[in-house]
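Listed here are the chains, written in short residue letters.
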Amino acid sequence: MCTKQTCVITGGSRGIGRGIAIELGNRGANVVVNYRSSDGAAQEVVETVETAGGSAIALQADVADYDAVESMCEEINSAFGSVDVLVNNAGITLDRKFSNMSRSEWEAVIDVNLTGVFNCTHCLFDDLRAANHGRLINISSVVGQQGNYGQANYATTKSGLFGFTRTLALEMAESGSTANCIAPGFVETDMLETVPERVRDHILERIPLDRFATVDDVTGIVRFLASPESSYMTGQVLAVNGGMEW
Ligand SMILES: NC(=O)c1ccc[n+]([C@@H]2O[C@H](COP(=O)([O-])OP(=O)(O)OC[C@H]3O[C@@H](n4cnc5c(N)ncnc54)[C@H](OP(=O)(O)O)[C@@H]3O)[C@@H](O)[C@H]2O)c1
């Protein structure tokens, strides 16, 4: 399905990105595991892909740093040639109710979750448009649809991806490439671990399927979006949230 594709997954060292990298690697893609600081975890993902017979490299770059992203993309092109699939997955939270939120907490989340998406997409835009079945896949969140107490910075970035995705879909359409967005609900990763237990219990009450998502609940959707089977789907937001209403 993804044979010979070269897929870049930002934040591929842990959590959802790790799952996506392994899934696409298992499907025969060349996989680029981007990360910011978890060298060991990123190498472990590379080894997992290689053990399954795939090709992978781990590349450190802070997605918020345009120059670092540009250098990373040069390394990717040297290693694997042109890129077919970009999964903008890297993301952070810095939660604080708005009245107490500092400018630096606002900017840090914007820089990674929104400007980071600009940086990676901008550096790989020509590759994606030139690819046969070029795919831009942005990982948003249910929080971008619903808002969430204490997450004005995070919610803003995740809502921003909707307009970004829709616009890029229009601008990529001429080349036959697509741009789509996934809005997961609450997924069992390190990020969810930072949420206090009483808040997690409250969230769970709002999920009709009565459980948090697993990483695998998201990776299958990415696999589909990366495949030729999704060729006629673009500019969409796919909610994967256990039935949470918004
Ligand atoms: N977990 C959820 O409930 C949930 C729900 C909806 C949407 N999402 C979204 O899904 C994505 C992944 O979330 P997750 O739960 O898997 O998070 P996670 O477990 O905290 O992992 C975050 C990943 O992003 C990387 N990263 C963070 N900042 C980066 C930067 N500046 N440059 C490059 N890489 C960076 C991390 O690299 P290091 O390992 O090097 O730190 C790590 O690989 C995020 O965009 C998040 O907003 C998560």
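Scroll up for the structure.
The rules behind each value
- Throughout this description, residue numbers start from 1 for each chain and increase along the sequence as written.
- At least 70 in pLDDT is required for a residue's local features to be given in this predicted model, at least 80 for side-chain atom pairs to be given and counted, and no such filter applies to totals for whole chains, interfaces and linings, which use all residues.
- Note on conventions: DSSP H or I runs of at least 4 residues are helices, E runs of at least 2 residues are strands, and numbering of each starts at the N terminus.
- When we talk radius of gyration, it's over C-alpha atoms, and the globule rule is simply 2.2 Å times the number of residues to the 0.38.
- Contacts are defined on C-beta atoms placed from the backbone: any two residues whose C-beta positions lie within 7 Å are in contact.
- Counting other C-beta atoms within 10 Å of each residue's C-beta, where C-beta atoms are placed from the backbone, gives the exposure class: buried for 20 or more, exposed for 12 or fewer, partly exposed between.
- If DSSP finds at least two bridges between two strands, the strands pair.
- The handedness of a crossover follows from its direction of travel: if, with the strands pointing away from the viewer, the path from the first strand over the helix to the second runs clockwise, the crossover is right-handed.
- Fitted lines through C-alpha atoms serve as axes, helices being fitted only where they are in contact, and the angles separating the N-to-C directions of these axes extend from 0 to 180 degrees.
- Whether a residue is near a molecule or strand depends on its C-beta atom, generated from backbone atoms, being within 6 Å of that molecule or strand.
- Roughly parallel refers to an angle under 35 degrees, roughly antiparallel to one over 145, roughly perpendicular to one between 65 and 115, and oblique to any angle outside these ranges.
- Crossings are sorted by hand: turned counterclockwise from the far helix by less than a right angle, the near helix makes the crossing left-handed, and turned clockwise it makes it right-handed.
- Defined on buried residues, the nonpolar core groups Ala, Val, Leu, Ile, Met, Phe, Trp, Tyr and Cys residues joined through C-beta atoms within 7 Å.
- Residues are grouped as follows: Ala, Val, Leu, Ile, Met, Phe, Trp, Tyr, Cys and Pro are nonpolar; Asp, Glu, Lys and Arg are charged; every other residue, Gly included, is polar.
- Helices are assigned an expected span. That span is 1.5 Å times one less than the residue count.

Asks: How do you make sense of the overall build of the protein when you look at a structure like this?
Replies: A count of helices and strands for the protein gives nine helices and seven strands. Whereas a compact globule of 246 residues would reach a radius of gyration of roughly 18 Å, the protein reaches 17 Å, a difference of no more than 12%. On the principal axes, the C-alpha backbone points of the protein span a range of 45 × 40 × 35 Å. In the protein, once contacts between residues fewer than 6 apart in sequence are set aside, the share between residues at least 24 apart is 73%.

Asks: Is there a simple way to think about the pairing of strand 1 (residues 6-9) in this case?
Replies: Side-chain direction in a regular strand flips from residue to residue, so the side chains alternate between the two faces of the sheet. Burial along strand 1 is two-sided: the face carrying T6 and V8 and the face carrying C7 and I9 are both buried. In the sheet, strand 1 pairs with strand 2 (residues 30-35) via four bridges, with the strands oriented parallel. By the bridge assignment, C7 is partnered in strand 2 with V31. Taken together, strand 1, helix 1 (residues 15-26) and strand 2 form a β-α-β motif whose crossover is right-handed. Inspection of the sheet shows strand 1 paired to strand 4 (residues 85-88) by three bridges, in the parallel sense. Its bridge partner lying in strand 4, C7 is registered against V85.

Asks: Looking at this model, I keep getting lost on the sheet that holds strand 6 (residues 178-184). Mind explaining?
Replies: Sheets are built from strands paired through backbone hydrogen bonds, the pairs being either parallel or antiparallel. Taken together, the seven strands give an open sheet; going across it, the order is 3-2-1-4-5-6-7, and neighbouring strands pair in parallel fashion. Strands with a single pairing partner mark the edges of an open sheet, and in this sheet they are strand 3 (55-60) and strand 7 (237-240). The sheet shows a mean angle of 15° between the axes of neighbouring strands, direction not considered. Where helix 3 (residues 66-80) meets the sheet, its contacts fall on strand 1, strand 2 and strand 3, and the angle it forms with strand 3 comes to roughly 160°.

Asks: Quick question: what am I supposed to make of the site of the ligand here?
Replies: Lining the immediate environment of the ligand, one finds 31 residues, of which G11, G15, S38, G91 and T189 sit closest. Broken down by secondary-structure element, the contributors of at least two residues to the shell around the ligand are helix 1, strand 2, helix 4 (103-130) and helix 7 (190-193).

Asks: Where do I start with the packing of helix 1 against helix 2 (residues 39-51) in this structure?
Replies: The relative placement of two packed helices comes down to the angle between their axes together with the axis-to-axis distance. Running from N to C, helix 1 and helix 2 cross one another at 20°; their axes reach a closest spacing of 9 Å. Put simply, helix 1 runs roughly parallel to helix 2. Handedness of the helix 1/helix 2 crossing: right-handed. Residue-level inspection shows R18, A21, I22 and G25 of helix 1 in contact with helix 2, the latter providing V45, T48 and V49.

Asks: Honestly, the nonpolar core in this entry has me stumped. Any pointers?
Replies: For soluble globular proteins, the rule of thumb is that nonpolar side chains tend to be buried together. One finds C7, V8, V31, V33 and V87 to be the most contacted residues of the largest nonpolar core, which totals 64 residues. Per-element accounting of this core gives the leading share, eight residues, to helix 4.

Asks: Would you explain the packing of helix 4 against helix 6 (residues 152-172) in this entry?
Replies: Following both chains from N to C, one finds helix 4 and helix 6 inclined at 15°, their axes separated by 9 Å at the closest point. Accordingly, the angle class assigned to the pair helix 4 and helix 6 is roughly parallel. For helix 4 against helix 6, the interelement crossing comes out right-handed. Residues E105, W106, V109, I110, N113, L114, V117, T121, L128 and R129 of helix 4 form the contact with helix 6, whose own contacting residues are N153, Y154, T157, G160, L161, F164, L168 and M172. Partitioned by chemical class, the residues of the contact of helix 4 with helix 6 number 11 nonpolar, five polar and two charged.

Asks: What is the right way to look at helix 3 in this model?
Replies: Owing to its 3.6 residues per turn, the α-helix brings residues three or four apart onto one side. Here helix 3 spans 21 Å end to end across 15 residues, near enough to the 21 Å set by a 1.5 Å rise per residue. Along its buried surface, helix 3 packs onto strand 1, strand 2, strand 3 and helix 4. Looking one or two residues past helix 3, G81 carries a phi angle of roughly 80°, positive in sign.

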